[in-house]
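Each chain, letter by letter, is given below.
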Amino acid sequence: MAFKSKIKWVVLFVLTLSLASLVAHLSMTKFSSMNLVQYSAKEALSHDFPNTGSPLKTRRNKRLWGAVRSLESLQPHANPRSSYPVPDENTNGFIYAKIFGGFEKIRSSICDLVTISRLLNATLVIPEIQQSTRSKGVSYKFKSFSYLYDEEQFIMLLKNDVNIVKSLPENLKAARRRSEFPTFKPKNSASPNFYVKEVLPNLKKAKVVGLIVTDGGCLKSILPPSMSEFQRLRCRVAFHALQFRPEIQILGLRMVERLRASGQPFLAYHPGLVRDTLAYHGCAELFQDVHTELIQYRRAQLIKQGIINDELSVDSHSRRENGSCPLMPEEVGLLLRALGYPSKTIIYLAGSKTFGGQRLLIPLRALFGNLVDRTTLCSKTELSDLVGPEAPLPADIFRLPLPKSEQQLIDQWKKAGPRPRPLPPPPDRPIYQHEKEGWYAWILEKDKEPDPSPMEHRMQAHRLIWDALDYIVSVEADAFFPGFNNDGSGWPDFSGLVIGQRLYERASSRTYRPDRKTIAALFNITRDDLYHPKRDWMLSVKEHLNRSLSEDGFFRQSLLSKPNSFLSHPLPECSCRIPSVETTKQIKGKDGRIVLGGEEECPKWMELARAEGAGNDDMESAEDDNDTVEQLEPDAVDATSSLTSLIDHDEEWDPND
C-alpha cells in the first residue's frame, strides 16, 4: 500500500509540473506575440550598414558603380531643330483611342498617338486605358488616363506640339456611343502613309476617328530621316510629358531615398519573366509542373491568333542557347558575383509580377541578402493610398462541383469510350482547397482558361501602379541589369523602356546590356560547377558585361531594339554630343542608318553647364584611379576573386540543396 501511495504522489507531482509548464508557455506566447513586427527593409539595411542616415556617404567603387566615360559626351536634347509651327486650333477633326495592354504597351502607344495626331493635324482626345476603366472596379477618384498619369501636365507640356482635349464635345459623344464614326485597328508597324492615305480622308469626312491600339504601338519605330522631328516628338512625350500622377511620383522618389539612406549605391534588376514572352519564345521547359502547362496553353492561344507561326512544342533549351529566353534569377546572381558585387549589395527587384513566383528568387536571395522590392520598402498604408477607395467585391468562394445522380453516372458510362470494358474507371482524385488558392487552379479541372474574375481585373489595374513605382526606381538606380529585353516579338518590354530613358537622360549611366546567347554559352562551359567556376570563366563574364556597358552594347542594342521600339533606343535623333577629346567615329547599321556618332553638337549653354562640374568630376576620378575605394565588405576587395572563396565562407549553405 505504501508503494502505491508513493506512485500516486509521483503522478500527481508530474501532472502539476505539466500544468505549470503549460500555463507558463501560454503566458509567454501571449506577451511575446505583442512584440512581433513586420519585416522592414529599412531596418535590415541599417543592420548591414550602421551609418544609415549619416550625411557622410561612402565613396563608390568606380569599377562597379562608375559612369561609362566613352558615353559621357551624349546629352539629352529633344527640342525641335528646324521650323516647327505651333498647331492651329482649326484641326482636321478629333482622334480618340482605346489602349489595351500592360504598362509597357500603354506608354509606347501614347507616344505614337501624339505623333499621329501631329502628322494628321488632328485634336487628340485623352486616350482611354482599358486596364483602368471603372468597369474593372478601380477607385472612382480617377478617370482612365489619370489613374496612372497626370492629365494637366500632359496637356500643358504638349501644347506647342498638338491640341489635346479631355473628352469629345457634347454633340459628338452620343454619336460615338452609337458607333457612327469610323474605327481603325492599326498594327504597331503601320507606316505614316497608311494614316495619310487611309485615315486622313475619313477624318476630314467624319470629323472623328477612333483607333484601337493592342500591339503596344500604332506607328512603325524607324521613320525616314525627313521625319526626325516626329521622332523627337516621341521623346518629348515619353521623357517629359508622360509624368505619373503626383502621388505615384512622391512615393517612387521616397523609395529611392530609402534605398540611398545608407549612403550606399543600389542596383535595379527586372527579371523579365512574363508569361506572354515565355510563351512566344517557347521557354516552357525551363519551368516545372503547372507553370509549363500554363506557358504551353498561352502559346497555343498565340498560334491560334496568328501571332506565332511555329509549332506548339519546341526545344526550350535550344531556344535558351540562342538567347531567346530570359536569364533566370540564379544566373543573374552568379553574373553579378562574378562582376565583383559583394553579397551585401542592395538590389531592387522590379516587376509587378514574376512568372514562377518567389521559388525562382530563392537562389538570388541566397547570394544577395539585401534583395528588396516595393512591398518591403513601403507600408501597406502607403500602397493602399495609391489605389484610392475601392468598393468591396464579392469573394471568390470555392464551391465543390454538384454531385451527379445515379442516372447521370449510368448515362456517362454508356457514352464513354470503346467497349467492352472490364471495370468502370476509378474515381477522379479529389481537388483539395489548397490547390484552388492560385489563379492557375483552373488547369487542374478545365481545358479552357476562364475569364478573369472582377478581383483579377482589379489586380491588373493595380499592376500599372506597381510598374510605375518600379519604373521610377529603375530609372534612378545607380546600375540596372535586365533579365530580358530586345523582345523579338516587337512588343515593347519594361527593361527596354527603362534602358531607353536611362540612355536619354544620362547615356553614361551604368546600364548592362548582356547578350543572352553569349551568356548561355558561358554557362554551358561551367554548368557542372556553377558555384565553383574557374578564374578564366569569371574574367570572360566580366569582359563581356563590361563591354555591354559601352559602344559594343550600345551598337547591339540599337540593331535589336530600335526596329521594334524607338523608345528603347532614342538616339541619335533625341541627343546631342558635347565636343570632347575623344572623337567618336560614325558607326552605321546594316540598313545604312547611323547608330553612333551622328549626333549634332549641343547648344553652347549645355557646354558651359558641363564645364562647371567637370573639375570636381576629374578630381574624383583621379582619386578613384589611385585608390580602389572602400568596399562594402571584405570579400569584395578583389573584384576578380572567385565564387568559390565567397561561398566557402558560409559552411551551412549547400549550393546543391
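Along each chain, residues carry numbers from 1 onward, in the same order as the chain's sequence is written. Confidence filtering applies because this is a predicted model: local features only for residues at pLDDT of at least 70, side-chain atom pairs given and counted only at 80 or more, and all residues used for totals across whole chains, interfaces and linings. The side-chain figures draw on all heavy atoms in the structure; neither hydrogens nor water molecules are used.

Under an unreviewed UniProt entry, the name given to the chain is O-fucosyltransferase family protein, and the organism recorded is Gossypium hirsutum. The Subcellular location (unreviewed entry) field of the UniProt record for the chain holds the comment "Membrane". In its Sequence similarities (unreviewed entry) section, the UniProt record describing the chain reads: "Belongs to the glycosyltransferase GT106 family." UniProt positions are given in the numbering used here, feature names are shortened, and annotations may be inferred rather than shown by experiment.

Regarding the overall build of the chain
To qualify as a helix, a DSSP run of H or I must reach at least 4 residues; to qualify as a strand, a run of E must reach at least 2; elements of each kind are numbered from the N terminus. For the chain, the helix and strand inventory stands at 24 helices and 16 strands. Taking all 657 residues of the chain together, the buried fraction comes to 48%. Considering only intrachain contacts with a sequence separation of at least 6, the fraction spanning at least 24 residues in the chain is 80%. Per-residue and other accessible areas follow the Shrake-Rupley method at a 1.4 Å probe size, with only the shown protein chains counted as cover for residues. Only carbon and sulfur atoms are counted for the fraction: they give 54% of the accessible area of the chain, which is about 34600 Å². Using a 1.4 Å probe on the protein chains alone, a residue whose accessible area is under 20% of its type maximum counts as buried, one over 50% counts as exposed, and one in between counts as partly exposed. Contacts between residues were defined by any pair of non-hydrogen atoms, one from each residue, lying within 4.5 Å.

Re the packing of helix H4 (residues 103-120) against helix H8 (residues 228-241)
Fitted lines through C-alpha atoms serve as axes, helices being fitted only where they are in contact, and the angles separating the N-to-C directions of these axes extend from 0 to 180 degrees. Where H4 meets H8, the axes come as close as 9 Å, and the angle between the chain directions of the two elements is 135°. Relative to H8, the element H4 lies oblique. As H4 runs across H8, the sense of the crossing is right-handed. Seen from H4, the contacting residues are Arg107, Ile110, Cys111, Asp112, Val114, Thr115, Arg118 and Leu119; seen from H8, they are Phe230, Leu233, Arg234, Val237 and Ala238. Think of it as three bins: nonpolar holds Ala, Val, Leu, Ile, Met, Phe, Trp, Tyr, Cys and Pro, charged holds Asp, Glu, Lys and Arg, and polar takes everything else, Gly as well. Of the residues in the contact of H4 with H8, the class split is eight nonpolar, one polar and four charged. Working rule for angles: under 35 degrees goes down as roughly parallel, over 145 as roughly antiparallel, 65 to 115 as roughly perpendicular, anything else as oblique. Crossing chirality is assigned from the near helix's rotation relative to the far helix, an anticlockwise turn below a right angle marking it left-handed and a clockwise turn marking it right-handed.

Considering the environment of Arg134
Of note, Arg134 is situated in the loop between strand E4 (128-129) and helix H5 (151-157). Distance in space between the C-alpha atoms of Arg134 and Arg458 is 9.7 Å, their sequence separation being 324 residues. Apart from the residues lying within four places of it in its own chain, the contact partners of Arg134 are Tyr140 and Phe142.

Quick look at the sheet that holds strand E16 (residues 600-601)
Only when DSSP finds a minimum of two bridges between them are two strands counted as paired. With respect to topology, three strands assemble into an open sheet ordered E1-E13-E16, the strand pairing being mixed. Edge positions in the open sheet fall to strand E1 (74-76) and E16, since each of these has one partner strand only. Sheet analysis places strand E13 (residues 575-577) next to E16, joined by two bridges and oriented parallel. The residue bridging Cys576 from the neighbouring strand is Glu600, located in E16.

With respect to the pattern of salt bridges
By definition here, a salt bridge exists when the distance from a side-chain nitrogen of Lys or Arg to a carboxyl oxygen of Asp or Glu is within 4 Å. In the structure shown here, the tally under the stated rule is 22 salt bridges. The salt bridge involving Lys173 is made with Glu170; its shortest N-O contact spans 3.1 Å. Taken together, the positions of Lys173 and Glu170, both in helix H6 (residues 170-177) and three residues apart, correspond to about one turn of that helix. Of the residues examined, Lys173 reaches a relative accessible area of 25% and is grouped as partly exposed. For the salt bridge of Arg527 with Glu331, the shortest nitrogen-to-oxygen distance reads 3.9 Å.

Things to note about unusual backbone geometry
Trans peptide bonds make up most of the peptide bonds, and negative phi angles are found at most residues other than glycine. Of note, the amide linkage connecting Leu571 to Pro572 takes the cis form, showing an omega dihedral of 5°. For Pro572, the location among the structural elements is in the loop between helix H22 (551-561) and E13. Although it is not a glycine, Ser179 adopts a positive phi angle of roughly 60°. Tracing the sequence through the fold places Ser179 in the loop between H6 and strand E6 (183-184).

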